[in-house]
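# Understanding the architecture of this molecule
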Amino acid sequence: MAREVPVRSAAYYSREGEGVRCRLCPNSCLLMSGQAGLCRVRECRDGELVTRSYGNVSSIALDPIEKKPLYHFYPGSTILSLGSFGCNLRCRYCQNWQISQRVEEAHILTPQSAAEIAQGYQKERCIGVAFTYNEPTIWYEFIWDAAEHIKAAGMVSVLVTNGYMSPKPWRELLARIDAVNVDIKGWRGEFYGKMCGGMLQPVLDNVETAGDLCHIELTYLLIPGHNDDDDSIRGFVRWVREQLGRNTPVHFSRYFPNYNLDIDPTPISTMERARLLAQEWLDFVYLGNVNIAGAADTYCAKCRSLLIQRSTVYNPRIIADSGRCPACGEEVPWIFQ
Ligand code: SF4
């Protein structure tokens with residue numbers, strides 16, 4: 001039977017009249033006693049902001065790092081993946097709505113035990129812990145504490161996130177994080193508002209900050225008729241090149257119907273078009289959720305020799321295991337064990 005989730009004092013809020021204003025994410029919820037924020041896990045109790053998700057784990061698995069996806073960060077390794085409940089966005093097509101749109105008490109972990117479980121998998125090439133599945137922003141206090149134990153154990157911490165966090169907590173948390181994959185949901189502000197209940201600009205600002213603080217890769221889910229037009233794709237990849245550099249890995253992912261959006265999956269031709277457009281601006285463009293030969297492989301930016309072959313996300317064949325292209329000697333921009 002699940003234990004009760006310990007209620008903890010939450011970070012980043014201020015008192016306003018009888019209530020509190022949460023300042024963790026751009027939603028800036030103003031909450032009166034007994035009310036929970038849009039994320040469902042932060043709540044006003046007796047004039048204080050508390051979190052009801054500290055250590056509450058909905059999902060736990062040992063995943064290949066490629067599944068996050070992170071293709072340029074310890075390729076071929078595994079990572080303990082932990083998720084909780086709730087989300088601070090409301091994407092109509094959410095792929096994890098079973099845990100993002102509800103909250104319940106599941107399995108309680110301490111920050112120390114998260115690090116210890118990861119250590120127990122070192123024989124399986126486990127490098128640390130990824131906070132993923134639901135949105136890690138709203139698991140802030142637990143991740144903050146766990147990251148310290150993970151670092152002390154000589155392992156790494158990873159966020160798979162929507163990047164929808166206020167600038168100060170984002171900067172402070174990333175000082176403890178080794179890599180992030182940020183989900184860019186679309187390139188128009190209108191898309192973020194209508195489809196996700198959020199704003200684009202805070203995410204872009206955070207991505208720029210992250211580029212200076214840790215390893216970063218980006219994911220863009222292509223949704224037919226909503227964010228897959230040439231102008232959106234071009235605008236996105238041009239911005240990535242200008243702000244982060246042309247060697248930033250970008251993953252275009254294929255949409256399948258889920259939750260409250262029931263349209264056909266992304267055509268393969270759209271995936272291929274996105275890749276072609278992006279390759280004009282970026283060196284490392286990948287396609288996910290598709291079965292296209294070579295779509296997940298890494299090629300040398302200079303001579304186009306094959307560096308890593310990923311037939312599946314499991315056991316990639318690493319050819320450039322010295323960190324340089326064996327054919328031309330070009331240095332490969334990734335982090336290796
Ligand atoms: S973290 Fe939750 S409570 Fe805080 S502002 Fe964002 S949605 Fe609202």
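Heads up: the structure comes first, above all this text.
Presented here is a report on the structure given in the accompanying data block.

Rules used throughout
Residues numbered from 1 in each chain as written. Predicted model: local features only at pLDDT ≥ 70, side-chain atom pairs only at ≥ 80, totals over all residues. Heavy atoms only, no water. Helix = DSSP H or I, 4+ residues; strand = E, 2+ residues; numbered from the N terminus. Rg over C-alpha atoms; globule rule 2.2 N^0.38 Å. Buried < 20%, exposed > 50% of the residue type's maximum accessible area, 1.4 Å probe, protein only. Contact = heavy atoms within 4.5 Å. Areas by Shrake-Rupley, 256 points an atom, 1.4 Å probe, with all protein chains shown as cover. Lys, Arg positive; Asp, Glu negative; His and termini not counted. Charge placed at Lys NZ, Arg CZ, Asp CG, Glu CD. Near = heavy atom within 4 Å. Nonpolar A, V, L, I, M, F, W, Y, C, P; charged D, E, K, R; others polar. Pairing = 2+ DSSP bridges. Axes fitted to C-alpha atoms, helices over the stretch in contact; angles between N-to-C directions. Parallel < 35°, antiparallel > 145°, perpendicular 65-115°, else oblique. Left-handed = near helix turned anticlockwise from the far one by under 90°.

For the protein chain, the count of helices and strands is 8 helices and 19 strands. For a compact globule of 337 residues, the expected C-alpha radius of gyration is about 20 Å, and the protein chain comes in at 20 Å, within 12% of that figure. Judged by the C-alpha coordinates and their principal axes, the protein chain covers about 65 × 45 × 35 Å. A buried classification covers 55% of the 337 residues belonging to the protein chain. Put simply, 65% of the contacts in the protein chain that link residues at least 6 apart link residues at least 24 apart. Total accessible area computed for the protein chain in this model is approximately 14500 Å², and 47% of it derives from carbon and sulfur atoms. Charge-centre separation for the protein chain: the mean point of 35 positive side chains lies 1 Å from the mean point of 38 negative side chains.

What follows concerns the environment of C44. Tracing the sequence through the fold places C44 in strand β5 (residues 42–45). C44 gets classed as buried once you look at its relative accessible area, which sits at 0%. Spatially, the C-alpha atom of C44 lies 6.7 Å from that of V20, the residues being 24 residues apart in sequence.

Surrounding the ligand, one finds C22, L24, C25, N27, S28, C29, G37, L38, C39, R42, N88 and I138. In the shell around the ligand, the residues fall into 7 nonpolar, 4 polar and 1 charged.

With that out of the way, let us pick up the pairing of strand β2 (residues 13–16). Where β2 and strand β3 (residues 19–22) come together, 4 bridges link them in antiparallel fashion. Within β3, the position partnered with R15 by the bridge is V20. Joining the antiparallel neighbours β2 and β3 is a turn of 2 residues, in which G17 adopts a positive phi near 60°.

When two helices pack together, you describe them by how their axes are tilted relative to each other and by the distance separating the axes. Put simply, helix α2 (residues 111–120) and helix α3 (residues 140–152) touch, their axes get as near as 8 Å, and they point 45° apart. Between α2 and α3, the crossing angle belongs to the class labelled oblique. α2 and α3 meet at a crossing whose hand is right-handed. Residues P111, Q112, A114 and A115 of α2 form the contact with α3, whose participating residues are F142, D145, A146, H149 and I150.

Residue P69 is bonded to the preceding K68 through a cis peptide linkage, with omega at -10°. In this structure, P69 sits in the loop between β8 (59–64) and β9 (78–83). Unusually for a residue other than glycine, Y12 sits at a positive phi of about 60°. Residue placement: Y12 occurs in the loop between β1 (8–9) and β2.

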